[in-house]
Amino acid sequence: MKKSTIWLLTILMAVTFIGLLYIELRYMDDMIKMRDDQFAEGVRRSLYGVSSRLEQEETRYYLEDNVSGVESSALYAQYPDGQPPHLGGISYSFNTFSGLEGSLTIRGDVDKISKLQADQLSPLDRTNAMREAQARLDDRVRYQKDLLDEVILKISTQAINRPVQERVDSTYTREIIREQLANNGIELPFCFAVVNRSGIPFYATGGYPKVVENEDDIFDQSLFPNDPANKKLYLKVYFPDKSKYILKSLRVLIPAFIFTIVLLIVFVYTIILAFRQKKLNEMKTDFINNMTHEFKTPISTISLAAQMLNDDSVRKSPGMLQHISSIINDETKRLRFQVEKVLQMSMFDRKKATVRLQEIDANSTINNIVNTFKLKVERYGGKIKAALDADDAIVNVDEMHFTNVIFNLLDNAVKYRREDVPLDIRITTSDISNSRLQITIEDNGIGIKKEHLKKIFDKFYRVPTGNKHDVKGFGLGLAYVSKMIDVLGGTIRVESELNQGTKFIIILPLFKN
């Protein structure tokens, strides 16, 4: 699959997921706002009902407890002798109902009077008696109206002087709040307080917060709206679990949101794998091309040498035979070395490589390597210097692999040299805290860009160097070095600047540790 195709699919899927997440989040936000508005409206209706119930209760209190005394005093005060006339068969009663509404039912049984006196009075007297009874009945109605006005006046003037705890009883208020909330479909724990217009509470139930972070969590309602402004009372209700109640309605959407996030994560992971796989394919393709070139040269040389051996003149010259045999031997070693590189990395990946640890003197081994490698460096007009200053250089390593590690790093220094500057390689050893050995290999080559430093130890990775014919390889050398140093219990890091050179720093534990 082409890189452009992967990018196109990535963009399309990313836009799709972003749009889907935006729609879900927008819908969830709208649901929260709608649920919050519904909750607030239900609470407001409930608190208005609480206010009305408290007004009704206060009215009932005055009507039931005080109307008898007011009625008696008013009744006897209107007659000079203090005794109201008796009206047989006429009775009156005052019944209170909810709110400020009251009804006075006066039962005047005029028909009964007529029946009782029908046999004793003449029609004229009976008519006069009926008129007299009706007049007294009208007086009673006017009296009851005056009585109601007096009771209402007493409620208006005396109610505000009652203690707040009596006007708004906490137990009764809690019950009617719970009842009104239930009527509006809200069943949540709550706490409340009764405050004055300055917000100073007269009392508060348990759990009511002293400081409220979000004012939207407090719902208030004016009580007894006919009270004077300076005597106003307010009921404030707080719901500790309001947020949970609002979010509870989103339970159905949460799984869909989670599934979308999971799909997004899987999509991102798949895209990363796709790019990684494409990169690996490119690296493997480059590896095959390089391997073909590396194998092609020694094979061609060996093939050419074999053809020369078929020439009679060559066979008759001992010097030429020796030269051709040495060429075949060198190219065979080169070919075998390349194959070994591939096999070594394959064995290390499968953790089947055999490491034979032994005690060696790193200074001595490195010195031998430098003497052997000096000829190759001098062939390119360069020089190699060694400063083996470590007092204790005894390490426990596999000598063959350790030698290969140093050879690989020195070989890279030669490969990635600068053409316009004589090659200069420095290899040093030093002690670190008397417990570890540090080996530094530094050159003045072309260097490595910072973006490549973290990848140079990856298998098959090769730093781009243009089309230099002499810089070929499998991309396995530094991967092998890193893997081997790790197996030997050490660490390796690289420091480099472009066109300045590269420094590899190896740290190995000493044998005594």
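An account of the accompanying structure is given in this report. Just so it is clear, the structure is predicted and the values come from calculations on it, not from any experiment. (Residues numbered from 1 in each chain as written. Predicted model: local features only at pLDDT ≥ 70, side-chain atom pairs only at ≥ 80, totals over all residues. Heavy atoms only, no water.)

### With respect to the packing of aromatic side chains
Considering all chains together, one arrives at 10 aromatic pairs under this definition. Taking the centre distance of 6.3 Å and the plane angle of 80° together, the rings of Phe192 and Tyr203 count as edge-to-face. Taken together, the positions of Phe192 in strand β3 (residues 191-196) and Tyr203 in strand β4 (residues 201-204) put the pair 11 residues apart, joining distant regions of the chain. Across the pair, Tyr203 and Phe192 agree in class, each one buried. Arranged with centres 5.9 Å apart and planes meeting at 75°, the rings of Phe219 and Phe239 form a pair that is edge-to-face. Of this pair, Phe219 sits in strand β5 (residues 218-223) while Phe239 is found in the loop between β6 (233-238) and α6 (242-248), placing the two residues 20 residues apart along the sequence. (Phe/Tyr/Trp six-rings, centres within 6.5 Å; stacked < 30°, edge-to-face > 60°. Helix = DSSP H or I, 4+ residues; strand = E, 2+ residues; numbered from the N terminus. Buried < 20%, exposed > 50% of the residue type's maximum accessible area, 1.4 Å probe, protein only.)

### Here's the deal with the pairing of β6
As paired elements, β3 and β6 share 6 bridges and run antiparallel to each other. Bridge pairing in β6 places Val195 opposite Tyr234. Looking at chain direction, β5 and β6 are connected through 6 bridges and run antiparallel. Residue pairing in the sheet places Ile218 in a bridge with Tyr238 of β6. (Pairing = 2+ DSSP bridges.)

### Re the nonpolar core
Core analysis: the biggest nonpolar cluster contains 44 residues, and Phe402 and Leu508 have the highest contact counts within it. Those elements that place two or more of their residues in this core are α10 (362-379), β9 (394-397), α11 (399-415), β10 (424-432), β11 (436-443), α13 (477-487), β12 (491-497) and β13 (501-509). Other than its neighbours up to four places away in sequence, Leu508 contacts Val395, Val397, Phe402, Arg436, Leu437, Ile439, Ile485, Leu488 and Gly490. By size, the runner-up hydrophobic cluster in this structure holds 26 residues, among which are Val50, Ile176, Leu188 and Phe219. (Core = buried A, V, L, I, M, F, W, Y, C linked by side-chain atoms within 4.5 Å. Contact = heavy atoms within 4.5 Å.)

### Some points on the pattern of salt bridges
Scanning the model with the defined rule gives 14 salt bridges in all. Residue Lys242 pairs with Asp36 through a salt bridge whose shortest N-O separation is 3.2 Å. Of this pair, Lys242 sits in helix α6 while Asp36 sits in helix α1 (residues 3-77), and the two are 206 residues apart along the sequence. Residue Asp227 pairs with Arg167 through a salt bridge whose shortest N-O separation is 3.1 Å. With Asp227 in the loop between β5 and β6 and Arg167 in helix α4 (residues 164-167), the pair connects residues that are 60 residues apart, well separated along the chain. Arg167 sits in the buried class, given a relative accessible area of 6%. (Salt bridge = Lys/Arg side-chain N within 4 Å of Asp/Glu carboxyl O.)

### Some points on the environment of Ile366
Among the secondary structure elements, Ile366 is positioned in helix α10. Take Ile366: its relative accessible area is 0%, and that puts it in the buried class. Spatially, the C-alpha atom of Ile366 lies 7.6 Å from that of Ile406, the residues being 40 residues apart in sequence. Residues in contact with Ile366, not counting those within four places in the same chain, are Leu388, Phe402, Ile427, Thr429 and Ile439.

### A closer look at α10
With 18 residues, α10 ought to run about 26 Å at 1.5 Å a step, and its terminal C-alpha atoms sit 26 Å apart, in line with that. When the local axis directions of α10 are compared, the greatest deviation, roughly 40°, occurs at Phe373. Of the residues making up α10, those classed as buried are Ala362, Asn363, Thr365, Ile366, Ile369, Val370, Phe373 and Val377. Tucked inside the fold, the buried residues of α10 contact β7 (358-361), β8 (383-388), β9, α11, β10 and β11. Gly381 occupies a position one or two residues after α10 and carries a positive phi of about 75°. (Expected span 1.5 Å × (residues − 1). Bend = angle between axes of the 7 residues up to and from the residue.)

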